[in-house]
Amino acid sequence: NAGVTQTPKFRILKIGQSMTLQCAQDMNHNYMYWYRQDPGMGLKLIYYSVGAGITDKGEVPNGYNVSRSTTEDFPLRLELAAPSQTSVYFCASSYSWDTEAFFGQGTRLTVV
Amino acid sequence: KQEVTQIPAALSVPEGENLVLNCSFTDSAIYNLQWFRQDPGKGLTSLLLIQSSQREQTSGRLNASLDKSSGRSTLYIAASQPGDSATYLCAVGTGSQGNLIFGKGTKLSVKP
């Protein structure tokens, strides 16, 4: 059972480039989330989804976009990368809103 | 706005010692509280989930308590081992979307 899988694990982007962070879960979870973790800070919610076709903004959505066309996949799109988006990005999923959350291994992104 | 604070930020103990990690939150209107473990360069691993109606949860050498009215939770680790060395994160669930508000974590080091 793979759980939550994120790709890539590491990436270096130049300012202004775009990329998509991939997230897939094989637990048939309805709820999926994207968080970012900056050094010395708690995780901050970027976007979340409560089911296929439904997404909504979290605390820090600016500069990002998401889509949820299937239950399994929840990609995060960065348009026009900026140095402020240098961070570690975590995808998470849960069966319901009040159940245990499972996290992926993270994507470490550096924008130069 | 909900804020989660974890004290201390770092803790070093000798192997075999029992220890307590603290988590406090400013708004008692939470749905649940989760404790996670994060190893360097890795994702988050869920340790314990306490629903708002519960007072504590136990898993092996770990015991987590929740006092909603005072806005506090503790994670008790019995007979600590070097393998327990990691950063421990506390997160509260405050909405029906399932999103979590995280503390900054306590970095635990258990010396052999």
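Coordinates for the structure precede this section.
Only a predicted model underlies this, so the values are computations on that prediction, with no experimental measurement involved.

Student: What exactly am I supposed to notice about the overall build of chain A here?
Tutor: What chain A contains, in helices and strands, is 0 helices and 11 strands. In chain A, the order of α-helices and β-strands from amino to carboxyl end is β-β-β-β-β-β-β-β-β-β-β. Computed over C-alpha atoms, the radius of gyration of chain A comes to 13 Å, within 12% of the 13 Å expected from 2.2 N^0.38 for 112 residues, which places it in the range of a compact globule. Its C-alpha atoms put chain A at 35 × 25 × 25 Å along the principal axes. Split into buried and exposed, the 112 residues of chain A put 46% on the buried side. On chain A, the mean spot of the 9 positive side-chain charges and the mean spot of the 9 negative ones are 12 Å from each other.

Student: Before we go on, may I ask you to explain the interface of chain A and chain B in this structure?
Tutor: The parts lose accessible area when they come together, and the size of an interface is often stated as this lost area. With 20 residues of chain A at the contact, the number on the chain B side is 23 residues. When residues of chain A are sorted by the area they lose upon contact with chain B, L43(A), W97(A) and F103(A) head the list and together hold 28% of the total. Broken down by secondary-structure element, the contributors of at least two residues to the side of chain A that touches chain B are strand 4 (31-37) and strand 5 (44-51) of chain A. It is strand 4 of chain A that contributes the most residues to the side of chain A that touches chain B, 4 residues altogether. Per-class residue counts for the side of chain A that touches chain B are 11 nonpolar, 6 polar and 3 charged.

Student: Please explain the state of the cysteines as it appears in this structure.
Tutor: By definition, a disulfide is the covalent link that joins the sulfur atoms of two cysteine residues. Under the criterion given, the structure shown has 2 disulfides over all chains. The disulfide bridge from C23(A) ends at C91(A), spanning 1.8 Å between sulfur atoms. One quick way to see it: the torsion about the S-S bond of C23(A) and C91(A) is about -70°, and its sign makes the bridge left-handed. Of the two residues, C23(A) is situated in strand 3 (residues 19-25) and C91(A) in strand 9 (residues 87-94); the sequence distance between them amounts to 68 residues. Assigned by exposure class, C23(A) and C91(A) land together as buried. Covalently, C23(B) is tied to C90(B) through a disulfide, its sulfur atoms 1.9 Å apart.

Student: Sorry, what's going on with the sheet that holds strand 7 (residues 62-67) of chain B here?
Tutor: Note on sheets: strands pair through backbone hydrogen bonds, and any given pair is parallel or antiparallel. All names here are of chain B. The sheet built from 5 strands is open, its strands ordered 1-3-8-7-6 with antiparallel pairing. The strands lining the two open edges of the sheet, one partner per strand, are strand 1 (4-7) and strand 6 (56-59). Sheet twist, expressed as the average angle between the axes of neighbouring strands with direction ignored, equals 15°.

Student: What is the right way to read the nonpolar core from this model?
Tutor: Looking at soluble globular proteins, one finds that nonpolar side chains tend to be buried together. With 22 residues, the main nonpolar core has F25(B), L33(B), W35(B), L75(B), I77(B), Y88(B) and L108(B) as its most contacted residues. Elements supplying a minimum of two residues to this core: strand 3 (19-25), strand 4 (32-38), strand 5 (44-51), strand 7, strand 8 (72-77), strand 9 (86-93) and strand 11 (106-111) of chain B. Formed by 20 residues, the second largest nonpolar core is a distinct cluster that contains L13(A), C23(A), A81(A) and V111(A).

Student: I'm lost on the pairing of strand 8 of chain B in this one. Help?
Tutor: Remember that side chains alternate between the two faces of the sheet whenever the strand is regular. Residue and element names in this part refer to chain B. Burial along strand 8 is one-sided: the face carrying S73, L75 and I77 is buried and the face carrying R72, T74 and Y76 is not. Here strand 3 runs beside strand 8; their pairing, made up of 6 bridges, is antiparallel. Across the sheet, V20 pairs through a bridge with Y76, a residue of strand 8. As paired elements, strand 7 and strand 8 share 6 bridges and run antiparallel to each other. Paired with A64 across the two strands is L75, which belongs to strand 8. A loop of 4 residues connects strand 7 with strand 8, the two strands running antiparallel in sequence, and G71 in this loop sits at a positive phi of about 70°.

Student: Looking at this structure, I do not really get the side chain of S49(A). What am I missing?
Tutor: All names here are of chain A. Inspection of the secondary structure assignment puts S49 in strand 5. S49 gets classed as buried once you look at its relative accessible area, which sits at 0%. Among the polar contacts listed, one links the side chain of S49 to the backbone oxygen of G51, at a separation of 2.9 Å. A polar contact of 2.6 Å, which involves the side chain of S49, links it to the backbone oxygen of I54. With residues up to four places along the chain from it excluded, the contact list for S49 reads N30, Y31, M32, I54, T55, R68 and F74.

Rules used in this analysis
- Counting starts from 1 at the beginning of each chain's written sequence and moves along it residue by residue.
- Working convention: letters from A go to chains and numbers from 1 go to ligands, in the order in which they are written.
- Whole-chain, interface and lining totals are the exception, using all residues; otherwise, since this is a predicted model, local features are given only for residues with pLDDT of at least 70 and side-chain atom pairs are given and counted only at 80 or more.
- Values reported for side chains reflect all heavy atoms of the structure, with hydrogen atoms and water molecules removed beforehand.
- Helix numbering and strand numbering both begin at the N terminus, where a helix is a DSSP run of H or I of at least 4 residues and a strand a DSSP run of E of at least 2.
- Only C-alpha atoms enter the radius of gyration; for comparison, a globular chain is expected to reach 2.2 Å times N to the power 0.38, where N is the number of residues.
- Note on exposure labels: buried denotes an accessible area under 20% of the residue type's maximum, exposed denotes more than 50%, and partly exposed covers the range between, all computed with a 1.4 Å probe on protein chains only.
- Charged residues are defined narrowly, with Lys and Arg counted positive, Asp and Glu counted negative, and His plus the chain ends left uncounted.
- Working definition for charges: the position is that of NZ of Lys, CZ of Arg, CG of Asp or CD of Glu.
- Two residues form a contact once any of their heavy atoms are found within 4.5 Å.
- By convention, the term buried area covers the 1.4 Å-probe accessible surface removed from two parts as they join, with the contributions of both added.
- Gly counts as polar in this scheme, as do all residues outside two lists: the nonpolar Ala, Val, Leu, Ile, Met, Phe, Trp, Tyr, Cys and Pro, and the charged Asp, Glu, Lys and Arg.
- The definition used for a disulfide is geometric: two cysteine sulfur atoms within 2.5 Å.
- Only strands joined by at least two bridges in the DSSP assignment are considered to pair.
- To get an axis, a line is fitted to the C-alpha atoms, and for a helix only the part in contact is used. The angle between two axes follows their N-to-C directions and goes from 0 to 180 degrees.
- To define a nonpolar core, start from buried Ala, Val, Leu, Ile, Met, Phe, Trp, Tyr and Cys residues and group those joined through side-chain atoms within 4.5 Å.
- Two N or O atoms form a polar contact when they lie within 3.5 Å of each other; inside protein one atom must be a possible hydrogen donor and the other a possible acceptor, and for residues adjacent in sequence the pair counts only when both atoms belong to side chains.

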